[in-house]
Amino acid sequence: QVQLVESGGGLVQPGGSLRLSCVASGSSFSLTAMAWYRQALGKQRELVASISTSGLNTNYADSVKGRFTISRDNTKNAVYLQMNMLKPEDTAGYYCNIVRGTMTPVPLVNWGQGTQVTVSS
């Protein structure tokens, strides 16, 4: 059974940076695309970024383009989200998932606990 463990969230001031990590266990990680999602209080979960199995293809939500970077390390079964120039509207719980496809990813496994990102002065 696949388990996803996210970490790296915290409280940061506007304009600051954070790097989120997600480690997946129990799967053929290098054979699957991955994605980061976020869910703000009272809102639906939304796609933030996705990355192909090789890491060569990435896609981003318009709201984070130019500020966030998704990457992966298949030797560590890990996917990362580097978040720069953070804004208060980036405040949310962030979740990773194994997905089918990168343009319109479909989450394939149960969600992990996520990691909270709060952007506030």
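Now for a quick tour of the structure. (Residues numbered from 1 in each chain as written. Predicted model: local features only at pLDDT ≥ 70, side-chain atom pairs only at ≥ 80, totals over all residues. Heavy atoms only, no water.)

### Remarks on the pairing of strand β3 (residues 18-25)
Where strand β1 (residues 3-7) meets β3, five bridges bridge the pair, whose relative direction is antiparallel. Bridge assignment links Ser7 to a residue of β3, and that residue is Ser21. (Pairing = 2+ DSSP bridges. Helix = DSSP H or I, 4+ residues; strand = E, 2+ residues; numbered from the N terminus.)

### Digging into unusual backbone geometry
A positive phi angle is found at Asn77, which is not glycine, with a value near 50°. In this model, Met85 sits at a positive phi of 50°, which is unusual for a non-glycine residue. Tracing the backbone through its elements, the reader meets Met85 in the loop between β8 (78-83) and β9 (92-100). Classification of Met85 as partly exposed rests on a relative accessible area of 47%. (Buried < 20%, exposed > 50% of the residue type's maximum accessible area, 1.4 Å probe, protein only.)

### Here we look at the side chain of Thr32
With respect to the secondary-structure elements, Thr32 resides in the loop between β3 and β4 (33-39). Take Thr32: its relative accessible area is 18%, and that puts it in the buried class. If we ignore the near neighbours within four places in the chain, the residues touching Thr32 are Thr53, Arg72 and Ile98. (Contact = heavy atoms within 4.5 Å.)

### Comments concerning the side chain of Arg72
Inspection of the secondary structure assignment puts Arg72 in strand β7 (residues 68-73). It turns out Arg72 is buried and unbridged, and the closest side chain with the opposite charge, Asp73, is 8.2 Å from it. In terms of polar contacts, Arg72 uses its side chain to reach the backbone carbonyl oxygen of Thr32, at 2.9 Å. A polar contact of 2.7 Å, which involves the side chain of Arg72, links it to the side chain of Asn74. (Lys, Arg positive; Asp, Glu negative; His and termini not counted. Salt bridge = Lys/Arg side-chain N within 4 Å of Asp/Glu carboxyl O. Polar contact = N/O pair within 3.5 Å; in protein donor to acceptor, adjacent residues only side chain to side chain.)

### Comments concerning the state of the cysteines
The full count for this structure, using the stated rule, is one disulfide. Between the sulfur atoms of Cys22 and its disulfide partner Cys96 the distance amounts to 1.8 Å. Its S-S torsion of approximately 50° makes the covalent link between Cys22 and Cys96 right-handed. Taken together, the residues span a long stretch of sequence, with Cys22 in strand β3 and Cys96 in strand β9 at a distance of 74 residues. Summarising the burial analysis for this pair, Cys22 and Cys96 share the class buried. (Disulfide = S-S within 2.5 Å.)

### As for the packing of aromatic side chains
To describe a pair of aromatic rings, one takes the distance between the centres and the angle between the planes. By the definition in use, this model includes two aromatic pairs. Pairing Tyr37 with Trp111 gives two aromatic rings, centres 5.1 Å apart and planes at 85°, and the pair type is edge-to-face. Taken together, the positions of Tyr37 in strand β4 and Trp111 in the loop between β10 (106-107) and β11 (115-119) put the pair 74 residues apart, joining distant regions of the chain. With a relative accessible area of 7%, Tyr37 lands in the buried category. Look at Trp111 and you get partly exposed, because its relative accessible area is 33%. Centroid distance Tyr95 to Trp111: 6.1 Å. Interplanar angle 75°. Geometry classified as edge-to-face. Residue Tyr95 is located in strand β9, and its partner Trp111 is located in the loop between β10 and β11; the two are separated by 16 residues in the primary sequence. The exposure class of Tyr95 is buried, given its relative accessible area of 15%. (Phe/Tyr/Trp six-rings, centres within 6.5 Å; stacked < 30°, edge-to-face > 60°.)

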